[in-house]
Amino acid sequence: MRLLFLCVANSARSQMAEGLARHRFGDRAEVASAGSKPTKPNPYAIAAMAERSIDITRHTSKSVDGMNAGDFDYVITLCAQEICPWLPGTAKRLHWPIDDPASDDPGLTPEDFRARFAGARDKIDMRLAIFEALMDLPAGPEAKEFHASIRVSDLPESTRFYAWLLGMWPKDWTHRFATFIRPDLNLNFVLLVTDGKTLHHDTLYHLGIDVGSKAAVIEAYQRALNLGAQVHKPPRTTWHGTPLHELWLRDPDGNLIEVYARLTPAEHDEMPENKTEFFLVAGTEAGHA
């Protein structure tokens, strides 16, 4: 993988990005940086990187003149207020606007500059961490619909609000929930009563995606295992509430994610009298019955 970081002077942001990327990716990437008006590496950038035990003292500022985007897999621009350099050629282009920590403001103290450069460094490093997390991403389920459910303290009042927000009445409602369906948004949004739980502004019941079929739910399970995702409940067919084929995962923060498919009429006709759930992958029943 070949990465090129660009800003104007190639003295601060792109220099730190080059050093951070080299440190993070090692021999997995070839990394370079350049600028449209190159000067020299800023001493505060060198100091900020030294705080992370990364040495960029041998870096030099380089010009974009003569470079071609086609020589790189990713060209990442870091300009915020300035006009970023543009390279001809084909490459995947990412724009990460980071405010220039360098400044001509005479009121800024050395402590101010250290804080500004450390802040820019950390913002770049977090973007690189996310970029790294997206590398070699295994295939995921093919979502047909996005689903979210939230608990609400006043179901009628919340139903009124979301009917206004979404511009439509709910498709269905009971004493416990109201369901909004927006096909144009591929949205399935449910309001659910609290069941005695204390709510606050961060309250989330779960998110979900419709993958279209029982086979797709099973495939999503295999793909989740390949990803290393946490499985909360393995694939199963449930008959209580809305009959579904469903798989429950947890995201890295523990939030519930439902991967589901509605039953076909033929599948619905197979519902047992006692509505016992049916596990779709042999050997996953233990501990989840």
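See the structure shown above.
To keep things clear, this report deals only with the structure shown in the data block.

Focus on empty space enclosed by the protein
In this structure the tally under the stated criterion is 1 cavity of 30 Å³ or more. Counted as a void, the largest cavity has a volume near 30 Å³. What lines the largest cavity is Tyr 44, Ala 47, Ala 48, Glu 51, Arg 114, Phe 117 and Ala 118. Counting only elements with at least two residues in the lining of the largest cavity, the list comes to helix H2 (43-50) and helix H3 (110-134).

Observations regarding the sheet that holds strand E13 (residues 278-279)
In space, the 9 strands of this open sheet follow the order E6-E7-E8-E5-E9-E12-E11-E10-E13, with mixed pairing throughout. Each edge of the open sheet is held by one strand with a lone partner, namely strand E6 (172-173) and E13. Bridging between strand E10 (residues 230-238) and strand E11 (residues 244-250) involves 6 bridges; their strand directions are antiparallel. From the neighbouring strand, Thr 238 faces E11, where its bridge partner is Leu 244. Contacting E10, E11 and strand E12 (256-262), helix H5 (residues 214-227) crosses the sheet at an angle of about 15° to E11.

Notes on the packing of helix H1 (residues 13-25) against H3
Think of two packed helices as two axes; the pair is described by the angle between the axes and how far apart they sit. Interhelical geometry of H1 versus H3 gives an angle of 45° and a closest axis separation of 10 Å. With respect to H3, the axis of H1 lies oblique. The handedness of the crossing between H1 and H3 comes out as right-handed. The segment H1 lies against H3, with Arg 13, Met 16, Ala 17, Leu 20, Ala 21, Arg 24 and Phe 25 engaging Phe 117, Ala 120, Arg 121, Ile 124, Asp 125, Leu 128, Ala 129, Phe 131 and Glu 132. Its residues assigned to classes, the contact of H1 with H3 comprises 11 nonpolar, no polar and 5 charged.

Scoring rules and cut-offs
- Residues numbered from 1 in each chain as written.
- Predicted model: local features only at pLDDT ≥ 70, side-chain atom pairs only at ≥ 80, totals over all residues.
- Heavy atoms only, no water.
- 1 Å grid on protein atoms, 1.4 Å probe; cavity = no way out; pocket = protein on both sides within 12 Å on 5 of 7 lines; lining within 4 Å.
- Points joined across faces, edges and corners; volume = space filled by probe spheres on them.
- Helix = DSSP H or I, 4+ residues; strand = E, 2+ residues; numbered from the N terminus.
- Pairing = 2+ DSSP bridges.
- Contact = heavy atoms within 4.5 Å.
- Axes fitted to C-alpha atoms, helices over the stretch in contact; angles between N-to-C directions.
- Parallel < 35°, antiparallel > 145°, perpendicular 65-115°, else oblique.
- Left-handed = near helix turned anticlockwise from the far one by under 90°.
- Nonpolar A, V, L, I, M, F, W, Y, C, P; charged D, E, K, R; others polar.

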